[in-house]
Structures are given as C-alpha cells and as structure tokens.
Amino acid sequence: MKVNKTELAKKLDKIKSVVPKNSPMPALMGVLVKDGYLIASNTEMTIKAKLEGTEGEHFIILARAFDLIKNLPDGELDISEGKGNKITITMEKIKNTYPSLQAEEYAYTADRVLEGGGMMAIDCRVLKEAIAHVLYAIPSKSPNTVMTALCMQAHEGKLNFVGLDGHVIALTQTEFDGEFELLIPRGAAEKLLSLEMSGNIYIEHNKNSAVFKADEYEIYTRLVEGEYFKYDRFFENYRDEISVRRSDLLEAVIRAKLCTEEMTPTKFEIEGDELRLSIKDKTADYAETVHLKTGIGEKMVIGFNSKLVLETLKAHTDEEVLMRFSGSSAPMIVCSESLKSIVLPVKIR
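**Structural notes on helix α3 (residues 124-134)**
Phase 1 of the analysis: Looking only at α3, the buried set comprises Cys124, Leu127, Lys128, Ala130, Ile131, His133 and Val134.
Phase 2 of the analysis: The N-cap of α3, judged by a side-chain oxygen 2.9 Å from the amide nitrogen of Arg125 a few residues on, is Asp123.

Quick look at the structure:
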C-alpha cells in the first residue's frame, strides 16, 4: 500500500496507547490495517482510525515499526506484505523489513452488533466539553470500580455527565430526550477527548458495551458494571451562598499552595463580603483576602484540601462561580452555568 507518511504517523500516534505491551494474543501487540482503517485493540477497548490508501489491505504492523514510521521524512511511503509473515517499509532510499503475524489472528470487538441496546447522536463539541468538565473528579484507580467510570445518564429531559471519587463530585448536563445510563471507563473517556473528532458522534450501546462513531474514528469500549451513586441529593440542601470571581479565588489558592510542600488544608474564613484563605504549617504562614461579589452575614470557618479546590476551580470555565455552604462540616457546592461541583471539607486545627 502507498500512504502519506505524515497521516499514517499521526493516526498511529493517536491510537498506539491502546496497543498492549504484553498480551496472550501476540497479534494485538500491533495495529491491524484492514479495509481503510488502522485498528488498535486490547481486551477492554478498540479504536478504528480511517486512513486513505489502506482500502482492501489486511495485515499487521507490529509496535516495533512505529518509531521508524514516525521518524521517516515527509512524503509517500510504501508498506508491502512479504512471504513468511513479513512487511517491508520502503521510502526513497530507505528500506526495512519487519516480522509480522497473520492478520486473521487479530481479534477485536468493534464490528460486533450491539444487540438489545439503543442508539443516540450528540454533537462532538458538546460531548468533549462535558467530559472535560468532569474528568478531574474520576480517579484512575479505586477499590470501587464504579468510581473509575464516567456516568452518562439520560433522565427527565437531561443528559447528565457525572464523575466522583468520594472527595469531589462533578456534574454537567445538556438537553436530551431519552432514558439510559452508561458507565464509561475513564480510559475510554480520555481517548474521546484526545481524538480529533468533529460533527455528530453516534453512540450505540447495550448493557455491556458501547461504540462511539465519528467520520475519522470509532471507539468501542466495555462498560463498567454496577449501579451508579445517587448523586442528585448532594446538590439540594444549602444554607449560605456567596459569589466570587473565579480567577481571583483560583489565583489565591495557587499562591497559598505554592508556599508549602505539606498536605496542610487551606482554611476558608468567610465573613461579610470577604473570604480570607490561609495555610499555616512548618513551612508556611500564608494568608490572603479575596473580595466577594456577594457575601454572608454570619462568619463561617471551613477547611479544604487545596488540590481538590484547585482542580474544581480549573474545571469551571465561567467568570463567576457560586459557592454554597451548610456549615463547617458539610460539603461545599460550587456552581456555574456549565458545571456543578461538590468538594468535601477536611478538619482544620
């Protein structure tokens, strides 16, 4: 086959993270070239990337060839199959032959029909923005595997995107007519963010798996099993509400955190239209006052993990945020037009 080197290297770079370094199925330790697509797969996820010039082809490029392809000069290259399961990469005065495996040994799941499920379409920009908002709240690892999932839940005219890890909760939503719930592994959510997709994304799903299809890429993923948490109730009750310019508070928390290497909580002292944040430990005695756009009457003191507050404020993108409280031992609710978040407090001395 003859393909554009830059386009081939770009697509390989986008999908190679799915290729396992070790596998009981050696064929999966490479990328399958098949009928107009590059296909990378492991036991949990498959990605198909469209590539012109590969129509009618059927062979495997093992991972050891990826670096050579990336470092070839720009232009057209030729990849040909040889006898004895070998492929040869040729470009101008450059030529190298690699061992390969029989393409028939490459087992992947993206082409399976998802019976007993449903289908929906969502604008790619809307999907990516929603994932980006809540991804910070989804842990990479957890004893409770449900926590490692992005929850997509369609209910009562809304499509909710939720992430939580026991310390923070993030929720964003868009209008949607339908009813379903998908628990998407964090890794699949990250790939959806990283791929250059546009237009509508079509989602097919059943109780075990889901496929996200766009013009250039398709992602198949197994779904996380289990029942998601009843997160709605955490956003309902609060006693006091303040509003603040997000960038002012974000910059103040960054400065405070820079002054210490310890895991000391940040103390919030809220009184009137001022929020005084401080960190005091063996290495720091930092304090800064942030002006509030709207304040509260009765003074309140509450502590938070600085890292969680930073991640929460960064995930919000609006200029102004509302911060809601029910006391010094209750979670803080952070709201903007695009996102709702919850941060649990920590004890302070």
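**Structural notes on the packing of aromatic side chains**
Phase 1 of the analysis: Using the criterion set out here, one finds 5 aromatic pairs in the structure.
Phase 2 of the analysis: Clustering of aromatic rings is evident, with ring pairs tying together Tyr228, Phe229 and Tyr231.
Phase 3 of the analysis: Above the ring of Tyr217, the side-chain terminus of Lys11 is found at 5.6 Å from the ring centroid.
Phase 4 of the analysis: Over the ring of Tyr37 we find Lys48; its NZ or CZ atom is 4.6 Å from the centre of that ring.

**Description of the sheet that holds strand β5 (residues 58-62)**
Phase 1 of the analysis: Strand order in the open sheet formed by 8 strands is β5-β2-β3-β4-β16-β15-β14-β9, with antiparallel pairing between adjacent strands. With one partner strand each, in any of the chains shown, β5 and β9 (118-123) form the two edges of the open sheet. The mean angle between the axes of side-by-side strands here comes to 20 degrees, regardless of whether they run parallel or antiparallel.
Phase 2 of the analysis: Strand direction decides the pairing type here: strand β15 (residues 209-213) and strand β16 (residues 217-222), joined by 5 bridges, are antiparallel. Bridging across to β16, Lys213 finds its partner in Glu218.
Phase 3 of the analysis: Each of β9, β14 (200-205) and β15 is contacted by α3, which is oriented at about 90 degrees to β9, the strand it contacts most.
Phase 4 of the analysis: Sitting on the sheet, helix α4 (residues 186-194) is in contact with β4 (45-50), β15 and β16, with an inclination near 15 degrees to β4.

**Remarks on the pairing of strand β18 (residues 266-280)**
Phase 1 of the analysis: Where β18 meets strand β19 (residues 285-304), 13 bridges bridge the pair, whose relative direction is antiparallel. Its bridge partner lying in β19, Phe268 is registered against Ile302.
Phase 2 of the analysis: With antiparallel pairing between neighbouring strands as the criterion, β18 and β19 make up a hairpin whose turn holds 4 residues.

**Re the pattern of salt bridges**
Phase 1 of the analysis: If you walk through the whole model with that rule in mind, you get 21 salt bridges.
Phase 2 of the analysis: A salt bridge links Lys16 to Asp13, with the shortest nitrogen-to-oxygen separation between them at 3.4 Å.
Phase 3 of the analysis: Here Lys307 and Glu311 are joined by a salt bridge, their closest N and O atoms 2.7 Å apart. Taken as a pair, Lys307 and Glu311 lie in helix α6 (residues 306-315) at a separation of 4 residues, close to a single helical turn.
Phase 4 of the analysis: Classification of Lys307 as partly exposed rests on a relative accessible area of 44%.
Phase 5 of the analysis: Take Glu311: its relative accessible area is 25%, and that puts it in the partly exposed class.
Phase 6 of the analysis: Each of Glu7, Lys11 and Glu216 takes part in a single network of salt bridges with overlapping partners.

Reading the values: rules and limits
Residues numbered from 1 in each chain as written. Predicted model: local features only at pLDDT ≥ 70, side-chain atom pairs only at ≥ 80, totals over all residues. Heavy atoms only, no water. Buried < 20%, exposed > 50% of the residue type's maximum accessible area, 1.4 Å probe, protein only. Helix = DSSP H or I, 4+ residues; strand = E, 2+ residues; numbered from the N terminus. Polar contact = N/O pair within 3.5 Å; in protein donor to acceptor, adjacent residues only side chain to side chain. Phe/Tyr/Trp six-rings, centres within 6.5 Å; stacked < 30°, edge-to-face > 60°. Lys NZ or Arg CZ within 6 Å of the ring centre and 35° of its normal. Pairing = 2+ DSSP bridges. Axes fitted to C-alpha atoms, helices over the stretch in contact; angles between N-to-C directions. Contact = heavy atoms within 4.5 Å. Salt bridge = Lys/Arg side-chain N within 4 Å of Asp/Glu carboxyl O.

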